[in-house]
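Now for the letters of each chain:
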Amino acid sequence: MPSHSSPVDGFSLAYDRSGSGPPVVLLHGWPGGRSDYRLVTPLLADVADVVVPDLRGFGESDRLPVAPDEGYTGDAQARSVMALIDELGLGPVVLAGYDIGSRIAQVVARQFPERVRALVVTPPLPGAGQRLLDPAVLAEFWYQNFHRTALPERLLDGDRDAVRGYLAHFWTHWSGPSYTPADADLDRLADSYGRPGAFAASIGWYRQGPGILARGLAEQAPAPAERLAVRTHALWPALDPLFPASWSDRLDEFFADVALTRLPDSGHFVPLEAPDAFATAVRAALGEG
C-alpha cells in the first residue's frame with residue numbers, strides 16, 4: 001500500500017518509497033502511473049532513497065473536479081512534487097521523468113534549481129518548434145485535441161472496457177517493436193483509469209492553457225545566460241513516434257549542461273522499455289553530485 005502526502009491545494013499524492021541513500025524522485029507519464037517505474041526502482045534501491053508518486057489526478061492520488069487551469073497545470077503539479085520533497089525532508093534530489101513527468105520535472109528544476117541535484121528526462125524536451133506542424137507529426141498528436149473536447153467523458157470516463165481499449169492503443173503504438181504490454185498490466189491500468197472521474201482527471205494536463213501544441217509552437221530559446229542550469233541527462237528513444245530523434249539537435253539552446261544518450265531500441269515508454277539505461281543515467285547523476 002502506498003503512503004500519502006499532506007494535501008496541497010486539496011490534492012494528496014500517493015507514493016512508494018524504497019532503498020536508502022541520496023534521494024531520487026521519479027515522475028510518471030500519461031497514460032501510466034507510479035508502477036511505470038517497477039523495473040527501474042529495484043536497480044536503484046542499493047544506492048538511493050527512491051520516491052515514486054502518482055501525480056495529481058492519477059492512480060491513488062487525489063483527483064478533484066477543479067478547472068484544469070487551477071489544479072492540473074505544470075506549476076500546480078510542481079507544487080505537489082515540491083511539497084512532497086519538503087515533507088519527506090529530502091535534500092537536493094535527482095529528479096527524473098518521462099512523458100508529462102519530464103515536463104513537470106523541468107518545471108520543478110526551473111522554479112527550484114537549488115533543490116534539484118540533476119535531471120534525468122526523456123522527451124518531451126524543448127526544441128521542436130515549427131516541426132510540430134509536420135503532417136506526420138500532427139497525425140500523431142490527434143489525441144491532444146480530442147482530450148480538449150467533451151467527448152472523453154461521454155465516450156470513455158467510467159467505462160472500464162472502453163478505457164482499456166483506448167489506452168491499449170497508446171501502449172502498443174507508442175512503444176518499440178520489442179515491447180508488448182502484458183494483459184495484466186493493461187488490466188491494472190483499466191482498473192485505475194476506468195473508475196468514474198479518473199480518466200477525466202488524467203487528461204486535465206491536456207486541457208490546461210492553450211494546449212500543448214500551441215505552447216510548443218510559441219516556444220522561444222532563452223538567452224544563453226537564462227538556459228536551465230541544472231545538470232541534465234536526456235535519454236532520447238529512437239522508436240518514439242511522437243518525438244523524432246532528430247529533434248534532439250537543439251538541446252544546447254535550452255540547457256546549459258546537458259548530456260544526450262540515444263536509445264536505439266526503445267520507444268516512448270523508456271522506464272519499461274529500457275530500464276537499465278534509465279537506471280544507469282540516474283546512477284550517473286548521483287555520482288556527479
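Let us look at the structure shown here. These numbers come from a predicted model, not from an experiment. (Residues numbered from 1 in each chain as written. Predicted model: local features only at pLDDT ≥ 70, side-chain atom pairs only at ≥ 80, totals over all residues. Heavy atoms only, no water.)

### Quick word on the overall build of the protein
As a reminder, the rule being used: In this text, helices come from DSSP runs of H or I with a minimum length of four residues, and strands from runs of E with a minimum of two, each type numbered from the N-terminal end. For the radius of gyration, the atoms used are the C-alpha atoms, and the globule rule reads 2.2 Å times the number of residues raised to 0.38. Relative accessible area decides the class of each residue, using a 1.4 Å probe on protein chains only: under 20% of the type maximum gives buried, over 50% gives exposed, and in between gives partly exposed. Here, two residues are considered to be in contact whenever any of their heavy atoms come within 4.5 Å of each other. Only the protein chains shown count as cover for residues, and all accessible areas are computed by the Shrake-Rupley method using a 1.4 Å probe. By the counting scheme adopted, Arg and Lys are positive, Glu and Asp are negative, and His together with the chain ends is not counted. In this description, the location of a charge corresponds to atom NZ of lysine, CZ of arginine, CG of aspartate or CD of glutamate.
When its secondary structure is counted, the protein shows 13 helices and eight strands. Since a compact globule built from 289 residues should have a radius of gyration of about 19 Å, the 18 Å found for the protein is in line with a globular shape. In terms of principal-axis extent, the alpha carbons of the protein reach across some 50 × 45 × 40 Å. Each of the 289 residues in the protein was classed as buried or not, and the buried ones make up 54%. Across the protein, every contact between residues at least 6 apart in sequence was considered, and the portion connecting residues at least 24 apart equals 78%. With an accessible surface of roughly 11400 Å², the protein has 55% of that area assigned to carbon and sulfur atoms. In the protein, which carries 24 positive and 36 negative side-chain charges, the distance between the mean positions of the two groups comes to 2 Å.

### Some details on the nonpolar core
Our working rule: To define a nonpolar core, start from buried Ala, Val, Leu, Ile, Met, Phe, Trp, Tyr and Cys residues and group those joined through side-chain atoms within 4.5 Å.
Trp30 and Phe278 are the most contacted members of the largest nonpolar core, which totals 86 residues. Apart from the residues within four sequence positions on either side, Phe278 is in contact with Leu26, Tyr37, Val40, Ala96, Gly97, Val120, Thr122, Leu235, Val270 and Pro271.

### Side note on the packing of aromatic side chains
Note the following rule: Working definition: rings of Phe, Tyr and Trp (its six-membered ring) pair if their centres are within 6.5 Å, and the pair is stacked with planes under 30 degrees apart, edge-to-face with planes over 60 apart, and tilted otherwise.
The tally for this structure, following the rule as stated, stands at 26 aromatic pairs. Ring centres of Trp30 and Phe199 lie 6.4 Å apart, and the angle between their planes is 70°; on these two criteria the pair is classed as edge-to-face. Remark: Phe199 occurs in helix 9 (residues 198–202) and Trp30 occurs in the loop between strand 3 (23–27) and strand 4 (49–53); sequence separation between them is 169 residues. One exposure class covers both Trp30 and Phe199, and it is buried. The interplanar angle of 70° and the centroid separation of 6.4 Å between the aromatic rings of Phe243 and Trp247 together place this pair among those described as edge-to-face. We note that Phe243, like Trp247, is buried.

### Some points on the environment of Tyr206
The residue Tyr206 is located in helix 10 (residues 204–207) in this model. Expressed as a C-alpha distance, the spacing of Tyr206 and Arg188, which sit 18 residues apart in the sequence, is 23 Å. Ignoring anything within four residues of it in the chain, the contact list for Tyr206 reads Trp30, Asp99, Ile100, Tyr143, Gln144, His147, Arg148 and Ile212.

### Observations concerning the pattern of salt bridges
What counts is decided by this rule: The term salt bridge refers to a side-chain nitrogen of Lys or Arg lying within 4 Å of a carboxyl oxygen of Asp or Glu.
Applying the stated criterion across every chain yields a total of 18 salt bridges. One salt bridge connects Asp187 with Arg164, and the closest N-O pair in it is separated by 2.7 Å. Taken together, the positions of Asp187 in helix 8 (residues 183–193) and Arg164 in helix 7 (residues 160–173) put the pair 23 residues apart, joining distant regions of the chain. Accessibility expressed as a relative area gives 21% for Arg164, which makes it partly exposed. Salt bridges sharing common partners tie together Arg160, Asp161, Arg164, Asp183, Asp187 and Asp191.

### A word on the side chain of His28
Within the secondary structure, His28 is located in the loop between strand 3 and strand 4. Owing to a relative accessible area of 0%, His28 belongs among the buried residues under this scheme.

### Considering unusual backbone geometry
Going from Trp30 to Pro31, the amide bond is cis rather than trans, its omega being 0°. The omega angle of the peptide bond from Pro123 to Pro124 is 15°, so this bond is cis rather than trans. Take Pro124: it is sitting in the loop between strand 6 (116–121) and helix 4 (135–140). Despite not being glycine, Asp9 shows a phi value in the positive range, around 55°. Along the chain, Asp9 falls in the loop between strand 1 (3–4) and strand 2 (14–19). Positive phi outside glycine occurs at Asp99, with the angle close to 55°. On the secondary structure map, Asp99 appears in the loop between strand 5 (93–97) and helix 3 (100–111). What makes Asp99 buried here is its relative accessible area of 5%.

### Points about the sheet that holds strand 6
For clarity, the threshold we go by: When DSSP finds two or more bridges between a pair of strands, those strands are recorded as paired.
The strand order 1-2-4-3-5-6-7-8 describes an open sheet built from eight strands, whose pairing is mixed. At either margin of the open sheet sits one strand with a lone partner, and together these are strand 1 and strand 8 (258–263). Summarising the sheet, strand 3 and strand 4 pair through three bridges and their orientation is parallel. Within strand 4, the position partnered with Val25 by the bridge is Val51.

### What about the side chain of Thr73?
Stated formally: The definition of a polar contact used here is a pair of N or O atoms within 3.5 Å, where within protein one atom must be able to donate a hydrogen and the other to accept one, and adjacent residues in sequence count solely through side-chain atom pairs.
Locating Thr73 in the fold gives a position in the loop between helix 1 (68–71) and helix 2 (74–87). On the basis of relative accessibility, which here comes to 14%, the residue Thr73 falls in the buried class. Of the polar contacts made by the side chain of Thr73, one reaches the backbone nitrogen of Ala76; its length is 3.0 Å. Not counting chain neighbours up to four residues away, the residues in contact with Thr73 comprise Pro68, Trp205 and Gln208.

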